[in-house]
Amino acid sequence: MPKDNLSDTLENTYTSDAATSSDESSTSSLHLDANNKSIGTLSAIGLIFNRMVGTGIFATTSTIYATAGSVGLSLILWFVGSLIAMAGLYVHMEFGSRIVKNGGEKNYLEYVYRHPKFLVSAVYGAYVFFLGWAAGNSIVFGEYILAAADVELTRWNQRGIGVACVTFAFIIHASNVKVGVYLQNILGLFKLAIVILICITGLVALGGHIKGAPGTKNFHNSFESDIKATGYGVVNALYNIIWSFVGYSNVNYALGEVKNPVKTLRYAGPIAVASLSVIYMLANIAYFAVVPLDVLADSGQIVAANFFKIAFGNTSQRAISVFVALSALGNVLSVIFSQGRIVQQLGREGILPFSRFFGTQRPFNTPLVGLMQHWIVCIVTILAPPPGDAYNFIMNLVSYPLNIINLFVGIALLYLNIYHEKYNWYPKIKASYPVIIFFTLASLYLVIAPYIPPTGDQSVYKSLPYYLHCVVALGIFGFGALYWFVFFFAIPRIKGYILDSETYLDAEDGFYKVKIVKVSKKNKASSK
């Protein structure tokens, strides 16, 4: 990763001015998009909150307890997950305070892993292009809507409603940015109220005021259990917890649309993640205080429904089904909001075929094409997996490659801090060496550990190999590398030219874009 002979694009895009404004809202990127900034601090908190609070806190406690093996270890793993999320947040805050563009990790990886040229962009592009991030919570939305309507759940009515959910989110965000963000904020406040209600109910149960609830009993000898903890179980539990924290970097994907981006990053991220870490811990304590352990272990994704049934009676189950469905909808809105912008950014930088098509803001001044691409992938992802394993497979297929990306992001930031003078790396927000190293090692563990084989019947899947999501994820990265080799290396080499890039400001939407151009080897050599 030497600094010599860097690509013109990266130099033009990322090199900072010699004199940077001391104003808090200023950034250290030379090329700032000239678009309208519509996301403030509260909306940024909403973006993070809605992305993080999907259905994980309502649906994963049972699985985490069953695989971790005890109440005590479950709570410790939730604490570890919150530390990993906070460390990851500060890693992304440091990058975001220096590289103020839409796109998130794509920009950070490109800034450091510059050779071979375009390789990291192509690999990351495949990861974004082929994964249906919003699909998992769309499926859960369908499940809980049917439960609320007291309709028998089948494979196709659940998935049909899931398709309707992600389609609604696509239409909202494709037609009007402000309406979509406003709806996300409203659902975020609603979700916050529901989770706080769960926390308060748990405190009441701990005081012994809920009939049928174990109260403090489940916390006696909290590390003893009939369920044996295994390496595979701990890894799977931690993956479920990380799934509940995914979204701490959500603002970074739309950073080019944020008002006062450095100030917003400094406050929005820590407020959202710290608050949710406390709320998540209290919510899990509440589940253990209200639901007997034998019921909890068998609850699966309906642990919240069992919680409300014990605390408020049978009639409350229908209400909680509506609450969880709306929570899932808020998450789907937040996910497709960010993923559509990453696809659009890949189009703006010339990586995707038909880049102008993917990078446009037409016709509603929104990333309609990027949103549509993610919508199509989500529909395929919702309809394709076999019954029974759909939710877990989608969750793991998203989580595993994300940890690979996080590993390389952590290594990249560590490298930049060591060689900060070479890269003129002086961001306005610093993560610190201990935080970066902790995040990198945690990501490395989460990349390696899923290959530990399950013990007994602890496999996360009913009918799929336990390692399938790892293999599929590596295959997606491999496809990106193959795409780069064919179109960015082999064909240019055979035809006697090289690919270079030119940065320009699109006067139509105010965003900087990149045009990949063919340059003959003779012309390139003479220009050096």
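Quick note: structure is the one above.
As the structure is a computational prediction, the values presented were derived from the model and not from experiment.

Enquirer: Whenever I open this one, the side chain of Ser334 confuses me. Can you help?
Expert: Relative to the elements of secondary structure, Ser334 occurs in helix H15 (residues 316-348). At 2.9 Å, the side chain of Ser334 forms a polar contact with the side chain of Asn250.

Enquirer: Please clarify how helix H11 (residues 231-245) should be interpreted in this entry.
Expert: Residues separated by three or four positions in an α-helix point in the same direction, a consequence of the helix having 3.6 residues per turn. Compared with an ideal rise of 1.5 Å per residue, which puts 15 residues at 21 Å, H11 spans 21 Å between its outermost C-alpha atoms and is within 8% of the ideal. In terms of burial, H11 is largely enclosed, as 14 of its 15 residues are buried. Phi turns positive, to about 130 degrees, at Gly247, one or two residues after H11.

Enquirer: Would you explain the packing of helix H9 (residues 155-175) against H15 in this entry?
Expert: The axes of two packed helices give the description: the angle between them and the distance between them. Orientation of H9 relative to H15, taken along the N-to-C sense of each, is 50 degrees, at an axis distance of 9 Å. Viewed along their axes, H9 and H15 adopt a mutual orientation that is oblique. Between H9 and H15 lies a crossing whose hand is right-handed. On H15, the residues touching Cys165, Val166, Phe168, Ala169, Phe170, Ile172 and His173 of H9 are Leu329, Val332, Leu333, Ile336 and Phe337. Residue composition of the contact of H9 with H15, grouped by class: 11 nonpolar, one polar and no charged.

Enquirer: Just to check I follow, could you spell out a nonpolar patch on the surface for this structure?
Expert: A cluster of nonpolar side chains, Ile418, Tyr419, Tyr433, Ile437, Leu441, Leu444 and Ile448, forms an exposed patch at the surface whose accessible area comes to about 640 Å². Counting residues per element, the nonpolar patch draws most heavily on helix H19 (residues 433-448), at five residues. Assignment of secondary structure puts Leu444 in helix H19. Judged by relative accessible area, Leu444 falls into the partly exposed class, the value being 34%.

Enquirer: Explain the pattern of salt bridges to me, please; I cannot follow it from the model alone.
Expert: A side chain of one charge can pair with a side chain of the opposite charge when the charged atoms of the two come close. If you walk through the whole model with that rule in mind, you get five salt bridges. Across the salt bridge formed by Glu110 and Lys106, the nearest N and O atoms sit 2.9 Å from each other. Note that Glu110 and Lys106 are positioned in helix H6 (residues 105-112) at a spacing of four residues, about one turn of the helix. Accessibility expressed as a relative area gives 1% for Lys106, which makes it buried.

Enquirer: Sorry if this is basic, but what is going on with the packing of aromatic side chains here?
Expert: Describing an aromatic ring pair means giving the distance of the ring centres and the angle of the ring planes. Evaluated as defined, the whole model comprises 31 aromatic pairs. Here the aromatic rings of Tyr483 and Phe488 are separated by 5.8 Å at their centres, their planes lie at 70 degrees, and the arrangement is edge-to-face. Taken individually, Tyr483 and Phe488 each receive the classification buried, so the pair is uniform in this respect. Among the aromatic residues, those joined into a cluster by ring pairs are Phe95, Tyr108, Tyr111, Tyr415, Tyr419, Tyr423 and Trp425.

Enquirer: Explanation requested: unusual backbone geometry in the structure shown.
Expert: Phi is mostly negative for residues that are not glycine, and the peptide bonds are mostly trans. Here the bond from His115 into Pro116 is cis, since omega is -5 degrees, no more than 30 degrees from zero. For Pro116, the position within the fold is in the loop between H6 and helix H7 (119-130). A positive phi angle is found at Phe118, which is not glycine, with a value near 75 degrees. Along the chain, Phe118 turns up in the loop between H6 and H7.

About the criteria used
- Residues numbered from 1 in each chain as written.
- Predicted model: local features only at pLDDT ≥ 70, side-chain atom pairs only at ≥ 80, totals over all residues.
- Heavy atoms only, no water.
- Helix = DSSP H or I, 4+ residues; strand = E, 2+ residues; numbered from the N terminus.
- Polar contact = N/O pair within 3.5 Å; in protein donor to acceptor, adjacent residues only side chain to side chain.
- Expected span 1.5 Å × (residues − 1).
- Buried < 20%, exposed > 50% of the residue type's maximum accessible area, 1.4 Å probe, protein only.
- Axes fitted to C-alpha atoms, helices over the stretch in contact; angles between N-to-C directions.
- Parallel < 35°, antiparallel > 145°, perpendicular 65-115°, else oblique.
- Left-handed = near helix turned anticlockwise from the far one by under 90°.
- Contact = heavy atoms within 4.5 Å.
- Nonpolar A, V, L, I, M, F, W, Y, C, P; charged D, E, K, R; others polar.
- Patch = residues over 30% accessible without salt bridge, like charges linked within 9 Å, V, L, I, M, F, W, Y side chains within 5 Å.
- Areas by Shrake-Rupley, 256 points an atom, 1.4 Å probe, with all protein chains shown as cover.
- Salt bridge = Lys/Arg side-chain N within 4 Å of Asp/Glu carboxyl O.
- Phe/Tyr/Trp six-rings, centres within 6.5 Å; stacked < 30°, edge-to-face > 60°.

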